[in-house]
Amino acid sequence: MGKLSLNREDIMAYADGIDTYVKLGDVIMPFGYHLCPHEFQRKLYDNYAKIFPFPSSPDVSYEDETIGAGRIRKFKHFMQEPQTKKALILYFHAGGFFMGGLNSHSDIAAEICLHTHADVWLLDYPLAPEHPYPAGLEFSWQVFQKASNAQTYDHIHVAGDSSGGNMAVYIASRASKQGGVPINKVSLFCPLLNFDRWSSGGDDAPRLSGGEMEHFVRCYTEGVVRPDHRDVSPLLHHDVFDDFPETLVISAGEDSLKEDAVILTDILNAKGSKVEHYEAQGLVHACIRAKGISTATSKAFEIFWKHLS
């Protein structure tokens, strides 16, 4: 969601289809879009799902439920094997806690449901700055408790892309300390785990600029909480990852956030947790949407959902 540098000497490092994805992305969300009115920014972001849609399947259905200031879209596979209890995947969408929701991520959640046959709940949590920290996290914890208390699921997985990965980490960590139905697996795609690093901006990268990162930090935390708080920047607080579930973290080779994946992997390894890090060379930040035009992205997405199976 940043500009494509026309002077990139390593443009051939892009995986197949990613050059096209980046160029179209620069049209969908032009460089500097984060200076526009908030609702306009959110509409631009939702256009990704229109330009790069996932195919729908008649084997997956959904229903919506409103909880307070947020919603859940619950996906179910028609061919799910009958059993007393089963797995649930809680999916947390990207967007810097500022944008995204049912319009931007429903087909991604449906695709995960299609492949895993698990129930998938896509959380449409309240967005900042109208609902800054900790509104989204508390809504997500409320949803987790709802799932845990339903006595329908014998284990729960959490997954998310970009800032959604931040929220998945929060839920997994809190659940490990407060109990309930255990979270068995965590699956993260280009996670954003250190907001503090971007509180004064930073370097631009393809589809992710320093300016928009600073914008996300400001909307989510300004006047409410320090960007280095444990719930906002968990990489700065290693005890967050005590007794952490089995984790897969996928990073993109051309993503300025890839160091978050490396640091997380090191932390979990040091704690003796089971963790796998897959760095997808030639991909850019949160490029799940490129699955239809990039075999490298399709492979990364397959690794992502297979971890949850």
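Chemist: How should the pairing of strand 3 (residues 86–92) be read in this particular structure?
Modeler: Each regular strand carries side chains that alternate between the two faces of the sheet. Counted residue by residue, strand 3 has seven buried out of seven residues, so it is predominantly covered. Inspection of the sheet shows strand 3 paired to strand 5 (residues 153–161) by seven bridges, in the parallel sense. What sits directly across from A87, in strand 5, is H155. Where strand 3 and strand 4 (residues 119–124) come together, five bridges link them in parallel fashion. Following the sheet pairing, L88 is matched in strand 4 by D119. Between the parallel pair strand 3 and strand 4, the chain is carried across by helix 3 (residues 102–116), and the sense of this crossover is right-handed.

Chemist: Honestly, the nonpolar core in this entry has me stumped. Any pointers?
Modeler: What tends to happen in soluble globular proteins is that the nonpolar side chains get buried as a cluster. Among the nonpolar cores identified, the biggest contains 103 residues, and L90 and I112 are the most heavily contacted of them. Contact partners of I112, with chain neighbours within four places excluded, come to I89, Y91, H117, V120, F301, F304, W305 and L308.

Chemist: Mind showing me how you'd approach the sheet that holds strand 2 (residues 70–77) here?
Modeler: In spatial order, the strands read 1-2-4-3-5-6-7-8; together these eight strands make up an open sheet with mixed pairing. Strands at the two margins of the open sheet, each flanked by one partner only, are strand 1 (60–67) and strand 8 (275–280). Each neighbouring strand pair of the sheet contributes to a mean axis angle of 15°, computed without reference to strand direction. Taken strand by strand, helix 4 (residues 135–149) contacts strand 1, strand 2, strand 3, strand 4, strand 5 and strand 6 (183–189), and its axis lies near 155° from that of strand 4.

Chemist: What's the story with the packing of helix 1 (residues 18–28) against helix 2 (residues 38–51) in this structure? I'm lost.
Modeler: To describe two helices that pack against each other, one gives the angle between their axes and the distance between the axes. Between helix 1 and helix 2, the shortest axis-to-axis distance is 9 Å and the interhelical angle comes to 135°. When the interaxial angle is binned, helix 1 and helix 2 end up oblique. For the pair helix 1 and helix 2, the sense of crossing is right-handed. Here Y21, G25 and I28 of helix 1 come into contact with helix 2, specifically with L44, N47, Y48 and I51. Across the contact of helix 1 with helix 2, the residue classes tally to five nonpolar, two polar and no charged.

How each quantity is defined
- Residues numbered from 1 in each chain as written.
- Predicted model: local features only at pLDDT ≥ 70, side-chain atom pairs only at ≥ 80, totals over all residues.
- Heavy atoms only, no water.
- Buried < 20%, exposed > 50% of the residue type's maximum accessible area, 1.4 Å probe, protein only.
- Helix = DSSP H or I, 4+ residues; strand = E, 2+ residues; numbered from the N terminus.
- Pairing = 2+ DSSP bridges.
- Right-handed = clockwise from strand over helix to strand, strands pointing away.
- Core = buried A, V, L, I, M, F, W, Y, C linked by side-chain atoms within 4.5 Å.
- Contact = heavy atoms within 4.5 Å.
- Axes fitted to C-alpha atoms, helices over the stretch in contact; angles between N-to-C directions.
- Parallel < 35°, antiparallel > 145°, perpendicular 65-115°, else oblique.
- Left-handed = near helix turned anticlockwise from the far one by under 90°.
- Nonpolar A, V, L, I, M, F, W, Y, C, P; charged D, E, K, R; others polar.

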